[in-house]
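So you can see what is in the structure, the chains are spelled out below.
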Amino acid sequence: MRLFLQYAASGIATGCAFALVATGFVAIYRVTRVVNFAQGVFAVIAGMLAYTLLGQGVPHVLAELLAVVAAGVVGVLIGLVAIGRRGTSPLASLIITLGLGIGSYAVLILIWGDQPISFDGFKGNLDVGGVTMQLQYVLVVLLTAVAFVALGLFFDHTYLGRGLTACSSNPRAARLVGIDVTRMGLVAFGLGGGLGGLAGVLLTPMQPVSFNSDVGIAISGFAAAIFGGLLRPGTALVGGLVLGVAEALVAGYAQASLQSGVALVIMLGIMIWQAGRRPITADEDSA
Amino acid sequence: MLEVQQLVVRYGAATALDGVSLRVERGEMVALIGPNGAGKSTLLNTICGLLKPASGTFRLTGRVAQVPEGRQLFAEMSVEDNLRLGAWTIRDRDPGHAYTLFPPLLQLRRRRAGTLSGGEQQMVAVGRALMAQPDLLVVDELSLGLAPMVVDDLAQHLVRLNRDKGMAVLLVEQNARLALELCPRAYVLEAGRIALSGSSTELANSPAVRAAYLGAAMDEVV
């Protein structure tokens, strides 16, 4: 039982990171209807940048914060290329993000080389009823909770957030009331970049990242996001947690090399079960 | 207020508007009638900046806001959010005056717009457009899908806004009888061109309009 709880705790922490990546997918998809396949790159860039900044003597928190902001900026830049030109179809934009994601490998290798990179997170352990948890896990869970609450407040209670939601609800009407839908799309890409970046700086101390780690991160995040039809951040959080815990249990009881595969099969099962009840990515507003 | 000159708008190879000229004076209420696909919505969307003309010009003094065909609300957002988003381009976002105009909306302000009745949704659509404090209100199909009594009520609101606040209105309507009753002046748009224009009384009495839009033959039978 103790072992189980320990695996579950680490799974919840990685699951939180997946959920953050997933929310990035959702934020971008809701506003632009683009599945951003460069989503994993944000996490990798932020993780590596934080590593470099820490190496240069920049203190913790500031280094991570800068890395997250930088990932947000990269998000806006990717958004500019993907949706900046008027009339680009979401499918074309998707391919552009896929291309940019793969193209980024060259840049990443040039700057950081091809070896995995990691840095120390929060040191120390927390003992709860005989279950030892790394403090880093606790930090990840707390920060994810904060991020989700902040996002909820932003989308529901700020005018900009309502404007973003309006673009998702009815793009035509949004344009009619004078909302610049493309600019809102860029805001969403920035937000998605920041969320991916946050996942990256939290994940890197737990599992080292290399230039091509984005695929694994993006697939897990996407699986979590599709759990909520790519539209609901709350369900994406549940998806992330399910996926994270499943992976940790498989790695713990069976074999680490099986973890992503088994987790994705579980996800696939859930999706097939869901698809039997309703279309997975149906537009809620089209009815 | 609004001066449209020789406006041409194309969708790819198809010409939707083919040299349309039309004007709306300050504080005037003008109707635009015509069959489906004549280009009425295209004209409104061009005036509102959603479409780019291939050639021709339009001059607009002041702000314009549109009540679109089919209402186009933010269905899963609250009534109040819908109204407040109407003020996206200006500073004053207080929906108070929309509630003064449509008191029933005050009770419904927390409801999701998509769950309202057709008439209530049209109130929200008109209220949302008014939130932008427009000098010209363009209304695309006010009566579509609504019960006659609801239409009358909304129409009276438009007339009052025009009379009391001096807001110019350009009304596109399938229901030509209603449009000609409400607006002193009208244009008839057919196949992307202005076929007829003049005072509504004149138009209502012209045989062409009577036959095509007012169901004159039917009237005689009845």
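These numbers come from a predicted model, not from an experiment.

Draft legend 1. Focus on the overall build of chain A. For chain A, the helix and strand inventory stands at eleven helices and two strands. Secondary structure elements of chain A occur, N-terminal to C-terminal, as α-α-α-α-β-β-α-α-α-α-α-α-α. For chain A, whose C-alpha radius of gyration is 19 Å, the value lies close to the compact-globule estimate of 19 Å for 287 residues. Projected onto its principal axes, the C-alpha positions of chain A cover 60 × 50 × 35 Å.

Draft legend 2. Structural view of the overall build of chain B. When helices and strands are tallied, chain B shows ten helices and nine strands. Against the globule reference of 17 Å for 222 residues, chain B gives a C-alpha radius of gyration of 17 Å, in line with a compact fold. The principal-axis extents of the C-alpha atoms in chain B amount to approximately 50 × 45 × 35 Å. Taken over 222 residues, chain B has a buried fraction of 50%. Residue pairs in contact within chain B that sit at least 24 positions apart in sequence constitute 69% of those at least 6 positions apart. Per element, the accessible surface of chain B, about 10200 Å² overall, is 50% carbon and sulfur.

Draft legend 3. The arrangement of the packing of helix α1 (residues 2-32) of chain A against helix α10 (residues 233-253) of chain A in detail. Residue and element names in this part refer to chain A. In contact at an axis separation of 6 Å, α1 and α10 are set at 140 degrees when each is read in the N-to-C sense. Between α1 and α10, the crossing angle belongs to the class labelled oblique. Where α1 crosses over α10, the two elements pack in a sense that is right-handed. Counted by class, the contact of α1 with α10 contains 19 nonpolar, eight polar and one charged residues.

Draft legend 4. Layout of the interface of chain A and chain B. Each side of the interface is counted separately: chain A has 19 residues, and chain B has 20 residues. Where chain A abuts chain B, roughly 1800 Å² becomes buried across the two surfaces, and 60% of that area is made up of carbon and sulfur atoms. Our count for the chain A to chain B interface comes out at one salt bridge. In this structure, A:Arg162 engages B:Asp81 in a salt bridge whose closest nitrogen and oxygen atoms are separated by 2.4 Å. Taken together, the links from chain A to chain B amount to seven residue pairs in polar contact (both at pLDDT 80 or more). Going through the elements one at a time, α6 (159-169) and α7 (171-176) of chain A are the ones with two or more residues in the side of chain A that touches chain B.

Draft legend 5. Main features of the side chain of B:Glu28. Residue and element names in this part refer to chain B. Looking at where Glu28 falls in the secondary structure, it is placed in the loop between β2 (14-24) and β3 (29-33). Overall, Glu28 belongs to the buried group, its relative accessible area being 17%. At 2.5 Å, the side chain of Glu28 and the side chain of Arg185 are in polar contact.

Draft legend 6. Quick peek at the domain arrangement of chain B. Assigned domains within chain B: domain 1 (1-62 + 159-222) and domain 2 (67-134). When each unit is reduced to the centre of its C-alpha atoms, the spacing between domain 1 of chain B and domain 2 of chain B is 25 Å.

Draft legend 7. Molecular detail of the sheet that holds strand β7 (residues 168-173) of chain B. Residues and elements named next belong to chain B. Overall, mixed pairing links the six strands, which are arranged β5-β6-β7-β3-β8-β9 in an open sheet. Strands at the two margins of the open sheet, each flanked by one partner only, are β5 (64-67) and β9 (193-199). Sheet twist, expressed as the average angle between the axes of neighbouring strands with direction ignored, equals 20 degrees. Examined bridge by bridge, strand β8 (residues 185-190) and β9 share six bridges and lie antiparallel to one another. Residue pairing across strands places Leu189 opposite Ile194, the latter belonging to β9. The sheet contacts of helix α5 (residues 118-131) involve β5 and β6 (136-140), and relative to β5 the element is tilted by about 170 degrees.

Draft legend 8. Summary view of the packing of helix α2 (residues 39-55) of chain A against helix α4 (residues 90-112) of chain A. Residues and elements named next belong to chain A. It is at 11 Å that the axes of α2 and α4 come closest, and there the two elements cross at 10 degrees. In terms of their interaxial angle, α2 and α4 are classed as roughly parallel. Residues Val41, Val44, Ile45, Met48, Leu49, Tyr51 and Thr52 of α2 pack against Gly101, Ser104, Leu108 and Trp112 of α4.

Draft legend 9. Quick peek at the packing of aromatic side chains. Applying the stated criterion across every chain, the model contains six aromatic pairs over all chains. Measuring from centroid to centroid gives 5.5 Å for A:Phe25 and A:Phe222, while their planes differ by 70 degrees, and the two rings are edge-to-face. Placement of A:Phe25 in helix α1 and of A:Phe222 in helix α9 (residues 213-227) is noted, with a sequence separation of 197 residues between them. By relative accessible area, A:Phe25 is classed as buried at 1%. Relative accessible area serves as the criterion here: at 23%, A:Phe222 is assigned to the partly exposed category. Arranged with centres 5.4 Å apart and planes meeting at 80 degrees, the rings of A:Tyr105 and A:Phe211 form a pair that is edge-to-face. Placement of the pair is A:Tyr105 in helix α4 and A:Phe211 in the loop between α8 (181-203) and α9, with a sequence separation of 106 residues. Residue A:Phe211 is classed as buried on the basis of its relative accessible area, which comes to 16%. One Lys or Arg, A:Arg30, reaches over the ring of A:Phe155 and ends 5.6 Å from the middle of that ring. For B:Arg128, the ring lying beneath its charged end belongs to B:Phe74, and the centroid distance is 5.1 Å.

Criteria and thresholds
Residues numbered from 1 in each chain as written. Chains lettered and ligands numbered in written order. Predicted model: local features only at pLDDT ≥ 70, side-chain atom pairs only at ≥ 80, totals over all residues. Heavy atoms only, no water. Helix = DSSP H or I, 4+ residues; strand = E, 2+ residues; numbered from the N terminus. Rg over C-alpha atoms; globule rule 2.2 N^0.38 Å. Buried < 20%, exposed > 50% of the residue type's maximum accessible area, 1.4 Å probe, protein only. Contact = heavy atoms within 4.5 Å. Areas by Shrake-Rupley, 256 points an atom, 1.4 Å probe, with all protein chains shown as cover. Axes fitted to C-alpha atoms, helices over the stretch in contact; angles between N-to-C directions. Parallel < 35°, antiparallel > 145°, perpendicular 65-115°, else oblique. Left-handed = near helix turned anticlockwise from the far one by under 90°. Nonpolar A, V, L, I, M, F, W, Y, C, P; charged D, E, K, R; others polar. Buried area = accessible area lost by both parts, 1.4 Å probe. Salt bridge = Lys/Arg side-chain N within 4 Å of Asp/Glu carboxyl O. Polar contact = N/O pair within 3.5 Å; in protein donor to acceptor, adjacent residues only side chain to side chain. Domains from an automatic or database assignment. Pairing = 2+ DSSP bridges. Phe/Tyr/Trp six-rings, centres within 6.5 Å; stacked < 30°, edge-to-face > 60°. Lys NZ or Arg CZ within 6 Å of the ring centre and 35° of its normal.

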